[in-house]
Amino acid sequence: MILAVDTATRWTGLALHSGAEVVAEHCWQSVNTQTVEVAPAVQRMLQRAGVTADDLKGVAVALGPGSYTGLRIGLGFAKGLALAHQMPLIGVPTLDIVAAAQPPSEGSLVVVAEAGRTRITGGRYQWQAKKGWQADGTPVNDTWEGMLRRVEAPVTFAGELSERALRMIRAAGKGHSVVPPAGRVRRPGYLAEIGWRRLRRGETDDPAALTPLYLREP
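A brief structural summary.

**Thoughts on unusual backbone geometry**
Cis peptide bonds are those with omega within 30 degrees of zero, and the linkage from Gly-64 to Pro-65 qualifies with 0 degrees. Summarising the element assignment, Pro-65 is placed in the loop between strand 4 (58–64) and helix 2 (68–85). Here the phi dihedral of Asn-32 falls at roughly 60 degrees; this positive angle occurs in a residue that is not glycine. Tracing the backbone shows Asn-32 in the loop between strand 3 (22–29) and helix 1 (34–49).

**Here's the deal with the sheet that holds strand 4**
Read across the open sheet, the 5 strands follow the order 3-2-1-4-5; overall the sheet is mixed. At either margin of the open sheet sits one strand with a lone partner, and together these are strand 3 and strand 5 (89–93). Averaged over all neighbouring strand pairs, the angle between strand axes comes to 15 degrees, with direction disregarded. Direction of pairing for strand 1 (residues 2–6) relative to strand 2 (residues 11–17): antiparallel, over a ladder of 5 bridges. Residue pairing in the sheet places Val-5 in a bridge with Leu-14 of strand 2. The sheet contacts of helix 2 involve strand 1, strand 4 and strand 5, and relative to strand 4 the element is tilted by about 160 degrees.

**So, the side chain of Thr-12**
The residue Thr-12 is located in strand 2 in this model. Classification of Thr-12 by relative accessible area gives buried; the value is 0%. The contacts of Thr-12, once residues within four sequence positions are left out, are Asp-6, Thr-7, His-26, Cys-27, Trp-28, Ser-30, Gln-34 and Val-38.

**Quick notes on the pattern of salt bridges**
Tallied over the full model, the rule gives 11 salt bridges. Note that Asp-142 is salt-bridged to Arg-150, the shortest N-O span being 2.9 Å. A relative accessible area of 12% means that Asp-142 is categorised as buried. A relative accessible area of 49% means that Arg-150 is categorised as partly exposed. Residue Glu-152 is joined to Lys-174 by a salt bridge in which the shortest nitrogen-to-oxygen separation is 3.9 Å. On the criterion of sequence distance, the pair formed by Glu-152 in the loop between helix 4 (144–150) and strand 10 (156–159) and Lys-174 in the loop between helix 5 (163–172) and strand 11 (177–178) is long-range, its members being 22 residues apart. Owing to a relative accessible area of 24%, Lys-174 belongs among the partly exposed residues under this scheme. Through salt bridges with shared partners, a single network forms among Arg-198, Arg-201, Glu-203 and Asp-205.

Parameters at a glance
Residues numbered from 1 in each chain as written. Predicted model: local features only at pLDDT ≥ 70, side-chain atom pairs only at ≥ 80, totals over all residues. Heavy atoms only, no water. Helix = DSSP H or I, 4+ residues; strand = E, 2+ residues; numbered from the N terminus. Pairing = 2+ DSSP bridges. Axes fitted to C-alpha atoms, helices over the stretch in contact; angles between N-to-C directions. Contact = heavy atoms within 4.5 Å. Buried < 20%, exposed > 50% of the residue type's maximum accessible area, 1.4 Å probe, protein only. Salt bridge = Lys/Arg side-chain N within 4 Å of Asp/Glu carboxyl O.

Below is the structure:
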């Protein structure tokens, strides 16, 4: 059993994955309260699933990009749990979680996450037959105005898209498409699934050395 913890932005998520199925999944919008919400939510989820922390084989955590405070909360919790129970820790880039949920496509995918202070983080992905969606370059931290200037050819947008962002994408007039709302959600079940595959391959991180992925100094 692996636990997934995602506090990279206000959209917060937890999941349990047995390797064969998602046993539990919980997501919610958190506004400056993740510090007091995450640990009790994990405890409740473990209890409902009939699992204890000693039953966990590892913990996967959203590594960033994201908000400075949110990333610190999630990584701090995941590190503490991993060190206390001597279990592997797996850090997963935030945008990869959303990309993993998207169906195959010949076009480019751009995944977006809130970065705080009206800024966003966006990363481009391309589909590879044997590997799925793979990052194409380094994510950028920008405003929506700047992001849309960067994207010339039509792409599909997924991730955290506000009503204002949707209006701006339509107004850009470049033929962009948008993933429906349910498909845009950053689901912790996919974080857990990525973490489980990496755990099986022995691709784990050092809890003492793992740091969040920031695109600029906070």
